[in-house]
Amino acid sequence: MEPITEVLELLKRQAELENGLRQPGGIRVTEEREIYALRERLQRHPQAVTAILQAARTLNRRPVDTLRPQDVRGLV
């Protein structure tokens, strides 16, 4: 899988889990562990993470979890 596609999927999952933290009742320990594992995996692709964050900023500060790989590739 291409790094940008993989990182976008990881960031989307991270956003889902972090939104779960904000909900009443929060999330379970297993989901919290998944967040930490996702963050470790994201650290393996710093250039892709940077490109995605820059694309989100360029596209009127769109949330990262709404981006598509084409959006990022078109700006990199």
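Residues numbered from 1 in each chain as written. Predicted model: local features only at pLDDT ≥ 70, side-chain atom pairs only at ≥ 80, totals over all residues. Heavy atoms only, no water.

1. Considerations on the environment of Gln-54
For clarity, the threshold we go by: For helices the rule is a DSSP run of H or I covering at least 4 residues; for strands it is a run of E covering at least 2, with both sets numbered from the N terminus onward.
Checked against the element boundaries, Gln-54 lands in helix 3 (residues 46–58). It is 8.7 Å that separates the C-alpha atoms of Gln-54 and Leu-75, two residues lying 21 residues apart in sequence.

2. Here we look at the confidence of the model for the protein chain
A low pLDDT score tells you not to read the predicted coordinates there in detail. Basically, it comes down to this: Values of pLDDT, ranging from 0 to 100, describe the predictor's confidence in every residue of the model.
Across the protein chain, pLDDT averages 89, with 95% of residues at or above 70. Ranking the elements of the protein chain by mean pLDDT puts helix 4 (residues 69–73) last, at 89, and helix 3 first, at 92.

3. Description of the environment of Lys-12
To keep things clear, this is the line we draw: For each residue, the accessible area found with a 1.4 Å probe, counting protein chains only, is set against the maximum for its type, and the residue is called buried under 20%, exposed over 50%, and partly exposed in between. Contact criterion: two residues are considered in contact whenever any of their non-hydrogen atoms come within 4.5 Å of each other.
Its place among the elements puts Lys-12 in helix 1 (residues 3–22). A residue is classified by how much of its surface remains accessible, and Lys-12, at 30% relative accessible area, is partly exposed. Taking the C-alpha atoms as reference points, Lys-12 and Gln-47, separated by 35 residues in sequence, lie 17 Å from one another. When sequence neighbours within four positions are dropped, the list of residues in contact with Lys-12 reads Asp-65 and Leu-67.

4. Section: unusual backbone geometry
In the Ramachandran plot, Asn-60 falls in the positive-phi region, its phi being about 55 degrees despite a non-glycine side chain. Inspection of the secondary structure assignment puts Asn-60 in the loop between helix 3 and helix 4. In this structure, Arg-61 takes a positive phi of about 55 degrees despite not being glycine. Tracing the backbone through its elements, the reader meets Arg-61 in the loop between helix 3 and helix 4.

5. Looking at the packing of helix 1 against helix 2 (residues 29–42)
Spelled out, the test is: The axes used here are C-alpha line fits, helices contributing only the stretch in contact, and every angle between their N-to-C directions lies in the interval 0 to 180 degrees. Geometric relationships in this document are graded by angle, where less than 35 degrees denotes roughly parallel, more than 145 denotes roughly antiparallel, 65 to 115 denotes roughly perpendicular, and other angles denote oblique. Left-handed describes a crossing whose near helix is turned anticlockwise from the far helix through less than a right angle; right-handed describes the clockwise counterpart.
The geometry of helix 1 relative to helix 2 is characterised by a closest axis approach of 10 Å and an angle of 150 degrees between their N-to-C directions. By the angle between their directions, the pair helix 1 and helix 2 is classed as roughly antiparallel. Our pair here, helix 1 against helix 2, has a crossing hand that is left-handed. Between helix 1 and helix 2, the residues in contact are Glu-6, Val-7, Leu-10, Leu-11, Arg-13, Gln-14, Leu-17, Glu-18 and Leu-21 and Glu-31, Glu-34, Ile-35, Leu-38, Arg-39, Arg-41 and Leu-42, respectively.

6. Digging into the pattern of salt bridges
As a reminder of what qualifies: Salt bridges, as used here, are contacts in which a Lys or Arg side-chain nitrogen is within 4 Å of a carboxyl oxygen on Asp or Glu.
Applying the stated criterion across every chain yields a total of seven salt bridges. The partner of Arg-62 in a salt bridge is Asp-71, and the shortest N-O contact between them spans 3.4 Å. Residue class for Arg-62 comes out partly exposed when judged on its relative accessible area of 30%. Classification of Asp-71 as buried rests on a relative accessible area of 12%. For Arg-68, the salt bridge is made with Asp-71, and the minimal N-O distance between the two is 3.0 Å. In the salt-bridge network here, residues are joined through shared partners; they are Arg-13, Glu-16 and Glu-34.

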